[in-house]
Amino acid sequence: MIYSSELIKGTLKTIILKLLKENKRMYGYEITQTVKELTKGKIQLTEGALYPSLHALESEGILVTETEYIGKRMRKYYSLSVPGKALTNEKINEFSDFMETMRFLLDIKPAI
Amino acid sequence: MYCISDRQIDFILDDIRRNGIELEDLQLNLLDHVCCIIEQEFEGNGDFEQFYFSIRRRFYKTRLNEIEEETQSLLTFKHYYFMKKAMIISGVFSAFVLTLGIILKFLHLIGASACIVVGIGSFSLLFLPLMVTLRIREKQSVREKVLTLLGSLSAICVSLAILFKLQYWPGANMLGLVSIGILILLFLPVYFITGIRQPDAKVNTVVSSVLMITACGLFLSLARTPHSSLHLKRNQTAHYLRNEQLLKNERLTSNRLNPDAALIDSLCEGLKSVIIKQETGSQHPDWNVAVLSDDRSDVLNPNTPASEAVAELKQRISTYNRNVDAGHALPSAIPLFENNDDRTLPTLNDLVQIQLFLSQNQELK
């Protein structure tokens, strides 16, 4: 089952930040493939959602970039800035709290 | 893994650009992404272009430049947080500075005027515009955006009108009337008509409208009409002209002024000419028509001949008063010297008074 884009929309930035926290640097395609593999295809990030979010995070100073030439084309690697690392923990904690609240609201029993 | 050629890379990049992706960073990101997919999934024996177009189709719902539009939208949204912070900081700052200015005013301490100007100025020109920009962004319908804009514009005009009034700057009454006009003639009708149509908002709309009309009425009852302003200016001008006549009559019977007194008198005459010319456009206006106001005359604008003359006058009066007894001292604690208050009519009357003192002192010698 692939989750709908509405569910993913609000969590995309948190997903990106968490991945970059675990990995030193990643490029766009790598992010989409890693998410797909880790979630066994349940979450498939679209390019139309991923790249705007990456650009927005970069312009906010949360991500920093470095570029490398791969043959004739240029590859942009993203990594967390110093403020980005602090924000990542905040976002993860916030989302965790949100999940608890939603679980309570929707009366979902936690998986054992 | 397929090895993509330089020519194919150029083809993909041209196509991305042709489809409306203008941000260079985004072009390069998409190019790399597409190339990665092709390298992983293309087997090399099919039609490259057809395969590329099928890949490209995955990137959007209706057209490729949706990605650029979404990127631009998020980049603009980034400014939202900055503007929100700036709005809060400017609001707190203006409230604090205005409060400080009012306290200093009541305690007759220095800095009151500056604090009040900065407080009201930052409220009207920083806080309110930022607030209206953010509010408009949050509103959905065009009607709500227009209402927000009109209401805020009126609020900006009212606070600026109050500032102009406090500082005796010209145009205060006009600004106040414009703000009331926007509120009563534009904002209120739109607000009332759209609010009254919604059953759940009907009572609130009526109550708010009554409050707004009453507030405007209270505000207007304090304001002078243009007619009464003109009447007041005519009376005040006549008062000044009577003082000038008194001076003229005094000069007919008094002795010639000594050199020091003559210099002070000449400085007073010079300043009066400058002020009258600024006010009426002529050094010798037709007093049947011309009127003087209570607005600032700008003779205290730094580095102008008039401000230098004011400084010299103050210094010469101080020297003169050291050589006479208290009963014959010239007025020196006038608002022009003490409070940087160069309003036209009070300044002219004070200058005439100085000249009258000079004439009477000469007569008594």
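Remember, it's a predicted structure, so these values are computed and weren't measured experimentally.

1. Some remarks on the overall build of chain A
Here is step 1: Within chain A, the regular secondary structure consists of 5 helices and 2 strands.
Here is step 2: Within the span of chain A, comprising 112 residues, buried residues form 37% of the whole.
Here is step 3: As displayed, chain A offers around 7,000 Å² of accessible surface, 57% of which is attributable to carbon and sulfur atoms.

2. Some thoughts on the overall build of chain B
Here is step 1: Helix and strand counts for chain B come out as 13 helices and 0 strands.
Here is step 2: Reading the secondary structure of chain B in the N-to-C direction produces α-α-α-α-α-α-α-α-α-α-α-α-α.
Here is step 3: Taken over 365 residues, chain B has a buried fraction of 38%.
Here is step 4: Restricting the contact set of chain B to residue pairs at least 6 apart, pairs at least 24 apart contribute 65%.
Here is step 5: Of the roughly 21,200 Å² that chain B leaves accessible, carbon and sulfur atoms contribute 60%.

3. Here we look at the side chain of Lys76 of chain A
Here is step 1: Note on placement: Lys76 of chain A falls in strand β2 (residues 73–80).
Here is step 2: Separated by 3.2 Å, the side chains of Lys76 of chain A and Glu58 of chain A make a polar contact.
Here is step 3: Within the local environment of Lys76 of chain A, its side chain forms a polar contact with the side chain of Asp25 of chain B, the two groups lying 2.8 Å apart.
Here is step 4: Those residues in contact with Lys76 of chain A that lie beyond four places of it in its chain are Met26, Tyr27, Gly28, Glu58, Thr65, Glu66 and Thr67 of chain A together with Asp25 and Asn29 of chain B.

4. Details of the pattern of salt bridges
Opposite charge on two side chains makes pairing possible when the charged atoms of those side chains draw close.
Here is step 1: Tallied over the full model, the rule gives 19 salt bridges over all chains.
Here is step 2: Across the salt bridge formed by Arg58 of chain B and Glu41 of chain B, the nearest N and O atoms sit 2.7 Å from each other. Separated by 17 residues along the polypeptide, Arg58 of chain B in the loop between α3 (48–56) and α4 (66–106) and Glu41 of chain B in helix α2 (residues 24–41) bring together distant segments of the chain.
Here is step 3: A relative accessible area of 45% places Arg58 of chain B in the partly exposed class.
Here is step 4: Within this structure, Arg73 and Arg75 of chain A together with Asp32 and Glu39 of chain B form a network of salt bridges that share partners.

5. So, the packing of helix α3 (residues 28–38) of chain A against helix α4 (residues 47–59) of chain A
Packed helix pairs are characterised by how far apart their axes lie and by the angle those axes make with each other.
Residue and element names in this part refer to chain A.
Here is step 1: In the contact formed by α3 and α4, the axes pass within 11 Å of each other and the chain directions differ by 125°. The angle between α3 and α4 falls in the class oblique. Both α3 and α4 take part in a crossing whose hand is right-handed. Only Leu50, Tyr51 and Leu54 of α4 make contact with α3, whose side of the interface consists of Gly28, Tyr29, Ile31 and Thr32.

6. Overview of the pairing of β2 of chain A
Residue and element names in this part refer to chain A.
Here is step 1: Within β2, 7 of the 8 residues are buried, leaving the element largely enclosed by the surrounding structure.
Here is step 2: Across 8 bridges, the pairing between strand β1 (residues 63–70) and β2 is antiparallel. Residue Tyr69 lies in a different strand from β2, and its bridge partner there is Met74.

7. Some thoughts on the interface of chain A and chain B
Here is step 1: Each partner contributes residues to the interface: chain A has 19 residues there, and chain B has 25 residues.
Here is step 2: Overall, the association of chain A and chain B removes approximately 2,100 Å² of surface from exposure, summing both partners, and the carbon and sulfur fraction of that is 60%.
Here is step 3: When the area that chain A buries against chain B is broken down by residue, the three leading residues are Tyr29, Lys72 and Arg73 of chain A, summing to 33%.
Here is step 4: Linking chain A with chain B are 5 salt bridges.
Here is step 5: Our count for the contact surface shared by chain A and chain B stands at 9 residue pairs in polar contact (both at pLDDT 80 or more).
Here is step 6: Broken down by element, the residue count for the side of chain A that touches chain B peaks at 8 residues, all from α4 of chain A.
Here is step 7: Class assignment for the residues of the side of chain A that touches chain B results in 7 nonpolar, 6 polar and 6 charged.

8. Topic: the packing of aromatic side chains
Here is step 1: For the coordinates displayed, the defined rule picks out 13 aromatic pairs over all chains.
Here is step 2: Ring plane angle 80° and centroid distance 5.9 Å describe the contact between Phe42 of chain B and Phe48 of chain B, whose orientation is recorded as edge-to-face.
Here is step 3: Classification of Phe48 of chain B as buried rests on a relative accessible area of 11%.
Here is step 4: One aromatic cluster is present, built from ring pairs that chain together Tyr2, Phe11, Phe42, Phe48, Phe51, Tyr52 and Phe53 of chain B.
Here is step 5: A cation over an aromatic ring shows up here: Arg75 of chain A above the ring of Tyr27 of chain A, its NZ or CZ 3.8 Å from the ring centre.
Here is step 6: Here the basic side chain of Arg343 of chain B rests over the ring of Tyr168 of chain B, its NZ or CZ set 4.1 Å away from the ring centre.

9. Section: the environment of Ile354 of chain B
Here is step 1: By the element assignment, Ile354 of chain B lies in helix α13 (residues 344–364).
Here is step 2: Apart from residues lying up to four places away in sequence, Ile354 of chain B is in contact with Ile264, Cys268, Ile317, Leu330, Pro331 and Ile334 of chain B.

10. Concerning the nonpolar core
Here is step 1: In this structure, Leu63 of chain A together with Ile12, Ile38 and Phe59 of chain B are the most contacted members of the largest nonpolar core, which totals 46 residues.
Here is step 2: For this core, the elements supplying multiple residues, two or more each, are α2 (12–22), α3, α4 and β2 of chain A together with α1 (6–18), α2 and α3 of chain B.
Here is step 3: For this core, the element with the most residues is α2 of chain B, which contributes 8 residues.
Here is step 4: With near-sequence residues (within four places) excluded, Ile38 of chain B lies in contact with Tyr2, Ile4, Ile12, Phe48, Phe51 and Tyr52 of chain B.
Here is step 5: One finds Cys268, Leu292, Leu330 and Leu348 of chain B within the second-largest nonpolar core, a separate group that totals 29 residues.

11. A short note on the confidence of the model for chain B
Here is step 1: Put simply, chain B has an average pLDDT of 87, and 99% of its residues get 70 or more.
Here is step 2: Reported confidences for the modelled complex are a pTM of 0.55 and an ipTM of 0.87.

Reading guide: rules and limits
Residues numbered from 1 in each chain as written. Chains lettered and ligands numbered in written order. Predicted model: local features only at pLDDT ≥ 70, side-chain atom pairs only at ≥ 80, totals over all residues. Heavy atoms only, no water. Helix = DSSP H or I, 4+ residues; strand = E, 2+ residues; numbered from the N terminus. Buried < 20%, exposed > 50% of the residue type's maximum accessible area, 1.4 Å probe, protein only. Areas by Shrake-Rupley, 256 points an atom, 1.4 Å probe, with all protein chains shown as cover. Contact = heavy atoms within 4.5 Å. Polar contact = N/O pair within 3.5 Å; in protein donor to acceptor, adjacent residues only side chain to side chain. Salt bridge = Lys/Arg side-chain N within 4 Å of Asp/Glu carboxyl O. Axes fitted to C-alpha atoms, helices over the stretch in contact; angles between N-to-C directions. Parallel < 35°, antiparallel > 145°, perpendicular 65-115°, else oblique. Left-handed = near helix turned anticlockwise from the far one by under 90°. Pairing = 2+ DSSP bridges. Buried area = accessible area lost by both parts, 1.4 Å probe. Nonpolar A, V, L, I, M, F, W, Y, C, P; charged D, E, K, R; others polar. Phe/Tyr/Trp six-rings, centres within 6.5 Å; stacked < 30°, edge-to-face > 60°. Lys NZ or Arg CZ within 6 Å of the ring centre and 35° of its normal. Core = buried A, V, L, I, M, F, W, Y, C linked by side-chain atoms within 4.5 Å. pLDDT = per-residue confidence, 0-100.

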